[in-house]
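Single-letter residue listing:
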Amino acid sequence: IKCIGVLTSGGDAPGMNAAIRAVTRAAIYNNIEVKGIMRGYRGLIFDEIIPFRSNSVSNIIQQGGTILKTARCKEFMSVEGRQIAYEAMQREGIDALVVIGGDGSLTGARILAQEHNIPIVGLPGTIDNDLNGTDMTIGYDTALNTIMEAVDKIRDTASSHERLFFIEVMGRECGYLALNGAIATGAEAAIIPERMYGTDQLGELISQGFRKSKNSSLVLVTEGDITGGAMAMAERVKKEYPQYDVRVTILGHLQRGGSPTATDRILASRMGAAAIDALLDDQRNVMIGIQNDQLVYVPFSKAIKKNKPINENLVNTLKILSI
Ligand code: ADP
């Protein structure tokens, strides 16, 4: 491999810059040329590709977002679009790709690799922690800390006014942000997609009378269609239990921003360097994951499989600590 391309795609996550830096520097260290591809797969299709030197990634490790920008690219969803992307890589002399993104981006990477036989290594860049085969994704720890700070502030008003707050957090189909966010803030409960089937989480909470020893409560809710979101929870409580003073806060995009935590910077740095090791080691179509502090190769097919299992130990801990 003489030259690699690096891109960030899908939703942005804090630590993507640290990952771009690590990929770039580790490649250059190994005498591999690097090209930065702007705006995810768009940059391949619309030819926005720039040569990267070591100093192209100076002074970015501490910045949220991504200097390469990110985009959702519908042209890449078609065979024709991916053919154009492949031709751009040929023209630019790019022999391999490092794709930093979430499950959609890695799904796209997998298809491109299958159609055109290009080595691609993925890095899990998403705050949702929803990729399989890795304990953590880049951006998750920062988002969790942001949620913690925000919920701590909401707690002040919840307890002063003796209110019940439903706080909606990101995560799509994955409850890690809500569950660990709830443990970290001492919240009453987390309503998560993994437990929507066959259990009425809200009903259970209400029938227990929320926390009996307290008259204010915080409940974290994962966004999205599966849980129905915080607003729907609040409507239901208002209708069935008018005695509660219910409020809703949707944390929204503030969860995606900010300077990455040390944990995310270190994770991104290790994973970025590991992506280059993987390519030198003839690995292809794998995502770099971390399991018990060891870097591992996770085949794309496994990484993007839906329904990452939730850690039941966390569910129990939250339950025990909220009596
Ligand atoms: P994320 O990577 O954060 O999950 P998306 O799901 O929006 O974000 O995916 C990002 C981009 O990856 C899409 O805009 C598209 O270009 C590409 N992509 C996603 N799914 C596919 C697919 N099935 N086939 C080809 N490309 C895809």
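**Here's the deal with the sheet that holds strand β1 (residues 3–8)**
Pairing within the open sheet is mixed, and its seven strands lie in the order β3-β2-β1-β4-β5-β10-β11. A single partner strand is all that each edge strand has here, and the edge strands are β3 (49–52) and β11 (294–299). On average, adjacent strands in this sheet sit at an angle of 30° to one another, irrespective of strand direction. Relative to strand β10 (residues 286–291), strand β5 (residues 120–124) runs parallel, the two being bridged by two bridges. The residue of β10 that forms the bridge with Val121 is Val286.

**Quick notes on helix α1 (residues 16–29)**
In this model, α1 (14 residues) spans 20 Å end to end at C-alpha, consistent with the 20 Å of a helix rising 1.5 Å per residue. By the criterion of burial, α1 is predominantly enclosed, with ten of the 14 residues buried. For α1, every residue scored as buried is listed here: Met16, Asn17, Ala18, Ala19, Ile20, Ala22, Val23, Thr24, Ala26 and Ala27. Of the surrounding elements, those touching the buried residues of α1 are β1, β2 (33–37), β3, β4 (96–101), β5 and α9 (262–280). Just past α1, the residue Asn31 takes up positive phi, approximately 60°.

**Overview of the site of the ligand**
In the neighbourhood of the ligand, 17 residues make up the surrounding shell, with Arg72, Cys73, Asp103, Gly104 and Ser105 lying closest. With respect to the ligand, the side chain of Asp103 contributes an N or O atom lying 3.0 Å from an oxygen atom. Within the contact set of the ligand, an oxygen atom lies 3.0 Å away from a side-chain nitrogen or oxygen of Arg172. When the ligand is considered free in solution it has 550 Å² of accessible area, and contact with the protein chains removes 84% of it. Ranked by residues supplied to the shell around the ligand, first place goes to helix α4 (residues 103–116) with six residues. Of the residues belonging to the shell around the ligand, the class tally is five nonpolar, eight polar and four charged.

**A word on the pattern of salt bridges**
According to the stated counting rule, one finds 14 salt bridges in the structure shown. In this structure, the salt-bridge partner of Glu92 is Lys35, at a minimum N-O distance of 3.2 Å. Note that Glu92 is positioned in helix α3 (residues 79–92) and Lys35 in strand β2, a separation of 57 residues in sequence. Residue class for Lys35 comes out buried when judged on its relative accessible area of 11%. Among the ionic pairs, Lys306 bridges to Asp103, the shortest N-O distance being 2.8 Å. With Lys306 in the loop between α10 (300–303) and α11 (312–321) and Asp103 in helix α4, this residue pair connects regions lying 203 residues apart in the sequence. For Lys306, a relative accessible area of 45% puts it in the partly exposed group. The exposure class of Asp103 is buried, given its relative accessible area of 12%.

**A closer look at the pairing of strand β6 (residues 164–169)**
Extensive coverage of β6 is indicated by the burial of six of its six residues. Burial along β6 is two-sided: Leu164, Phe166 and Glu168 and Phe165, Ile167 and Val169, pointing in opposite directions, are all buried. In the sheet, β6 pairs with strand β8 (residues 217–222) via six bridges, with the strands oriented parallel. Within the sheet, the bridge partner assigned to Phe165 lies in β8 and is Leu218. Taken together, the five bridges between β6 and strand β9 (residues 246–250) define a ladder with parallel strand orientation. By the bridge assignment, Glu168 is partnered in β9 with Ile250.

**Focus on the pairing of β2**
With respect to burial, β2 is a largely interior element, four of its five residues being buried. Relative to β2, β1 runs parallel, the two sharing four bridges. Counterpart to Ile4 in the pairing with β2 is Val34. Note that the unit made of β1, α1 and β2 has a crossover that is right-handed. Pairing analysis gives four bridges linking β2 to β3, with the strands arranged antiparallel. If you follow Val34 over to β3, its bridge partner there is Phe52.

Basis of the calculations
Residues numbered from 1 in each chain as written. Predicted model: local features only at pLDDT ≥ 70, side-chain atom pairs only at ≥ 80, totals over all residues. Heavy atoms only, no water. Pairing = 2+ DSSP bridges. Helix = DSSP H or I, 4+ residues; strand = E, 2+ residues; numbered from the N terminus. Axes fitted to C-alpha atoms, helices over the stretch in contact; angles between N-to-C directions. Expected span 1.5 Å × (residues − 1). Buried < 20%, exposed > 50% of the residue type's maximum accessible area, 1.4 Å probe, protein only. Contact = heavy atoms within 4.5 Å. Near = heavy atom within 4 Å. Polar contact = N/O pair within 3.5 Å; in protein donor to acceptor, adjacent residues only side chain to side chain. Areas by Shrake-Rupley, 256 points an atom, 1.4 Å probe, with all protein chains shown as cover. Nonpolar A, V, L, I, M, F, W, Y, C, P; charged D, E, K, R; others polar. Salt bridge = Lys/Arg side-chain N within 4 Å of Asp/Glu carboxyl O. Right-handed = clockwise from strand over helix to strand, strands pointing away.

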